[in-house]
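Summary of the model geometry
Here's the letter readout for the chains.
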Amino acid sequence: MVGYDPEAKGVSTAEAAAAGSASGLVTRVFVSPLDVLKIRFQLQIEQLSSKNPAAKYHSILQAVQRIMHEEGLTAFWKGHVPAQFLSVGFGAVQFMAFESLTELVHNVTSFNARDSFVHLVCGGLAACTATVAVQPVDTLRTRFAAQGEPKIYPNLRHAVVTMYQTEGPRTFYRGLTPTLVAIFPYAGLQFFFYNILQQFSKRVIPGERKNGGNFKNLVCGSCAGVISKTLTYPLDVVKKRLQVGGFEHARAAFGQVRTYGGLLDCVRQIMQEEGPGGFFKGLSPSLLKAAFSTGLVFFWYELFCSLLCTLKSPESTKRKEG
C-alpha cells in the first residue's frame, strides 16, 4: 500500500495526505515522552554518566524519575501542540509527495515504482519537501521540549511572537541545513528498508496468512526505523543543538550551554569537547522512539489507506445504496 502500485487499487493524493496526517497524529501521542527524553539528552553538554556529578541526566530511568519529580507528568508532553502540528503536517506532505513521486516515476521513467531504490530516492525527496514545510513548527517543538522551569514560553503564541521580535524570522529555520542533510537519507532509508522487509516477509510468510498483515507492517516499520535512525543519528544531534541557539538562558538549569556558529562549528565543538560519543547522546531513547514511531506511522498509514479503499470499493457503495 505504501507507494504507487500499478497492479493494485491505491489511494488518491488527497487520501494519502489524509492517511498520512492521521497516522502522524495518533503516533505522536504515544511517542512524545520518548521525544522529550531524546531532546534533553541531545542538548546536554556533560557526559551522560552517573560518574559525572555535573550531569543532570544519566540514563533513561533516572531522567524519567528526575523529570517527574521536578516538572511533573505533563513535562513528557511539553511542546505537544506544536509537535502535533509537526506530525500532522509532516505526515500529510510526506506521504502525499511520496505517492505522487512514485507514480511519476512509473509514468515517465522505465524504473519499477515498487523497486527499493526508487523508494529510497522518492522517500528522501518527499521528506525534504515535508521538512521545509514544517521546519518552523519543529523549531518551536524543540524549544518547548528543551525549556525547564520557570518556562520562558508559556504558550505557542507567546513563543512565536517573542522569537520573531527578538531573533527575527530566520530563527524558525535554525538547523534547516543539517535537517535536510539528515532527513534525506533517514527517510529514504526508512522507505527503502520497509520495502525490503515487506518483500522479504512475503517470501517467508505464506500468502494465505493475511490476518497478521497489520502486525507485519508494524514490525517491518519498527525495524526500518531503528536501522535508519542509527545510521543518521549524529546529524539529528547537530540539528537539535543549532535549533536552541539564542535560547541558552533557558538551558542554564540543565548544565553547560554552548553557542555554535553554524553546522561545521557545531560539529567541531562537539568533537573537541565531547568526543565521538557526543554525536550519539540520547541514542537509546531515540532508537526506542524510532522503533515505535516509524512502526506506528507505517502501521496506521497502511490501516487508514485500507479503510479508505474499502469505503470507496463497489461492494461498500452497494451496501450504502441498499
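Residues numbered from 1 in each chain as written. Predicted model: local features only at pLDDT ≥ 70, side-chain atom pairs only at ≥ 80, totals over all residues. Heavy atoms only, no water.

An unreviewed UniProt entry lists the protein chain under the name Mitochondrial thiamine pyrophosphate carrier, with Callaeas wilsoni as the source organism. UniProt's Catalytic activity (unreviewed entry) comment on the protein chain is quoted here verbatim: "thiamine phosphate(out) + thiamine diphosphate(in) = thiamine phosphate(in) + thiamine diphosphate(out)". (UniProt positions renumbered as here; feature names shortened; annotations may be inferred.)

**Quick word on the pattern of salt bridges**
Counting across every chain of the model gives 17 salt bridges. Between Glu 274 and Arg 241 there is a salt bridge, with its nearest N and O atoms 2.9 Å apart. In this pair, Glu 274 sits in helix 8 (residues 263–274) while Arg 241 sits in helix 7 (residues 213–243), placing the two residues 33 residues apart along the sequence. With its nearest N and O atoms 2.5 Å apart, the salt bridge here joins Asp 265 to Arg 268. Note that Asp 265 and Arg 268 are positioned in helix 8 at a spacing of three residues, about one turn of the helix. One network of salt bridges, with partners in common, ties together Arg 28, Asp 35, Lys 38, Asp 138, Lys 229, Asp 236, Lys 239, Lys 240 and Lys 289. (Salt bridge = Lys/Arg side-chain N within 4 Å of Asp/Glu carboxyl O. Helix = DSSP H or I, 4+ residues; strand = E, 2+ residues; numbered from the N terminus.)

**Some thoughts on the nonpolar core**
The biggest cluster of nonpolar side chains holds 22 residues, and the ones touching the most others in it are Val 2 and Tyr 301. Mapped onto this core, the elements with two or more residues apiece are helix 1 (13–43), helix 3 (80–108), helix 4 (116–146), helix 6 (176–204), helix 7 and helix 9 (283–311). With five residues, helix 9 is the single largest residue contributor to this core. Dropping the residues within four chain positions of it, Tyr 301 is found in contact with Val 2, Val 11, Ala 16, Ala 19, Gly 20, Ser 23, Phe 95 and Glu 99. The next biggest cluster of nonpolar side chains, apart from the first, holds 11 residues, and it includes Phe 90, Ala 127, Ala 130 and Tyr 186. (Core = buried A, V, L, I, M, F, W, Y, C linked by side-chain atoms within 4.5 Å. Buried < 20%, exposed > 50% of the residue type's maximum accessible area, 1.4 Å probe, protein only. Contact = heavy atoms within 4.5 Å.)

**Description of the UniProt feature "repeat: Solcar" (unreviewed entry) in the protein chain**
When the UniProt feature table is mapped onto this chain numbering, "repeat: Solcar" (unreviewed entry) sits at residues 11–104, 114–200 and 212–307. Helix and strand shares over residues 11–104 are 72% and 0% respectively, and the end C-alpha atoms of the span are 14 Å apart. End C-alpha atoms of residues 114–200 are separated by 13 Å, and the span's content is 78% helix alongside 0% strand.

**Concerning helix 6**
Given a rise of 1.5 Å per residue, 29 residues ought to cover 42 Å, and the 41 Å separating the end C-alpha atoms of helix 6 matches this to within 8%. Along helix 6, the helix axis deviates most sharply at Ile 183, where the bend reaches about 30°; the proline Pro 185 sits within four residues downstream. (Expected span 1.5 Å × (residues − 1). Bend = angle between axes of the 7 residues up to and from the residue.)

**Remarks on empty space enclosed by the protein**
A water-sized probe rolled over the atoms picks out the places where empty space is left. This structure, assessed with the given rule, holds three cavities of 30 Å³ or more. By volume, the largest cavity is sized at about 760 Å³. Lining the largest cavity are 38 residues, and of these Arg 28, Phe 90, Ile 183, Tyr 186 and Lys 289 lie nearest its centre. Sorting the residues of the lining of the largest cavity by element identifies helix 1, helix 3, helix 4, helix 6, helix 7 and helix 9 as the ones contributing at least two each. A per-class count over the lining of the largest cavity returns 14 nonpolar, 15 polar and nine charged. (1 Å grid on protein atoms, 1.4 Å probe; cavity = no way out; pocket = protein on both sides within 12 Å on 5 of 7 lines; lining within 4 Å. Points joined across faces, edges and corners; volume = space filled by probe spheres on them. Nonpolar A, V, L, I, M, F, W, Y, C, P; charged D, E, K, R; others polar.)

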